[in-house]
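# Summary of structural features
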Amino acid sequence: MSSGGPERPQLVAHVQQALSYTLFDCKWVPRSARLLCLGSAARGTGLLQLYELQGGRLALLREIEKAKPIKCGTFGATSLQQRYLATGDFGGNLNVWNLEAPEIPVYSVKGHKEIINSIDGVGGLGIGEGAPEIVTGSRDGTVKVWDPRQKDTPVANMEPVQGESKRDCWTVAFGNAYNQEERVVCAGYDNGDVKLFDLKTMSLRWETNIKNGVCSVEFDRKDINMNKLVATSLEGKFHVFDMRTQHPTKGFASVSEKAQKSTIWQVRHLPQNRDIFMTSGGAGSLHLWKYEYPAQRSKKDSEGAEMGVAGSVSLLQNVTLSTQPISSLDWSPDKKGLCVCGAFDQTVRVLIVTKLNKV
């Protein structure tokens, strides 16, 4: 019998494809068996490859070269009809592409002075209420929110206040988009800062520091009342914050877990079950986790203020796929358990995670 009994999910490497360039991000194309690889060619240009999963292999459908290396991408602010891809590049440019006619972007703005490290989208794909918006986080220390229907100017710009040193923003994520008015952006920085910006009030709602550079942040779902947030860091730790109850001084309750000795590059929640998430690590491994809620999610402190109670995290399964860091990860929004990851060994891998309905 395998460890932990036959009911544990298994992480099965289904297909792998060697690439001739540095891969920074990979994404499933919604409502399709297609995936995108985004990266940097040896001569310093950007590459965008579209693959289709055909049985046991990946067939290359299209390859597009761009002037600047492409760091990150999202479909989150587009409709299912259009399926436009928004990308951030090394030149600080935010571009939105129609993959059917990718020669010229349908939207383009020089968003930042330096590389765009991270991008997220909301309000599209039927995910989240409100306007379609894209958030970008950059090495220039700023986090900006864009509405692709508005040219050139961000609808929000979160930058260091006068006199405050600028920190490299490594990761951004939308959340709390459960009605037309509410929306937040969470940003993580190289010094361990985690900041929650409320876009409704245009204010900093909460901040904390997790002591190590924040590589990835993600809400368990974008389109519900804030529920949980996972933040991963350089030193192999991740933190799960319960975002339902904010204490006036203590903020949000959290549980932290040391997953491995090396950097946790990414966290991605299973779209079909928000309490299951996967982390990808610097040691070329993937870890599948489950969050268990406590008996009561909040309690009153001695002053009578509500404070959150953290739950616990259990490891469901892990697998080592590569000797190099797995730097990008994406679950298929349509097929439960189908996952793609990209590593610095210049390989993209499609995995199938079994028995997810048993956990």
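Residues numbered from 1 in each chain as written. Predicted model: local features only at pLDDT ≥ 70, side-chain atom pairs only at ≥ 80, totals over all residues. Heavy atoms only, no water.

In the annotation of an unreviewed UniProt entry, the entry for the chain reads Dynein axonemal assembly factor 10, and the organism field reads Oceanodroma tethys. Check the Subcellular location (unreviewed entry) section of the UniProt entry for the chain; it says "Dynein axonemal particle". UniProt's Function (unreviewed entry) comment on the chain is quoted here verbatim: "Key assembly factor specifically required for the stability of axonemal dynein heavy chains in cytoplasm." (UniProt positions renumbered as here; feature names shortened; annotations may be inferred.)

### Here we look at the layout of surface pockets
By volume, the largest pocket is sized at about 1300 Å³. Lining the largest pocket are 48 residues, with Lys27, Asp120, Glu218, Arg268 and Asp330 sitting closest to its centre. Mapped onto the lining of the largest pocket, the elements with two or more residues apiece are β2 (22–28), β6 (70–74), β10 (116–122), β14 (169–175), β18 (214–219), β22 (264–270) and β28 (326–331). A per-class count over the lining of the largest pocket returns 23 nonpolar, 12 polar and 13 charged. Volume-wise, the second largest pocket comes out at about 270 Å³. Lining the second largest pocket are 14 residues, with Glu159, Pro160, Val161, Glu164 and Lys195 sitting closest to its centre. Listing elements by their share of the lining of the second largest pocket, those giving two or more residues are β16 (193–198) and β17 (203–209). (1 Å grid on protein atoms, 1.4 Å probe; cavity = no way out; pocket = protein on both sides within 12 Å on 5 of 7 lines; lining within 4 Å. Points joined across faces, edges and corners; volume = space filled by probe spheres on them. Helix = DSSP H or I, 4+ residues; strand = E, 2+ residues; numbered from the N terminus. Nonpolar A, V, L, I, M, F, W, Y, C, P; charged D, E, K, R; others polar.)

### Description of the sheet that holds β6
Spatial strand order, β6-β7-β8-β9: 4 strands in an open sheet with antiparallel pairing. A single partner strand is all that each edge strand has here, and the edge strands are β6 and β9 (107–110). For this sheet the average axis-to-axis angle between neighbouring strands, irrespective of direction, equals 20°. With 4 bridges joining them, β6 and strand β7 (residues 85–89) adopt antiparallel strand pairing. Its bridge partner lying in β7, Ile70 is registered against Asp89. (Pairing = 2+ DSSP bridges. Axes fitted to C-alpha atoms, helices over the stretch in contact; angles between N-to-C directions.)

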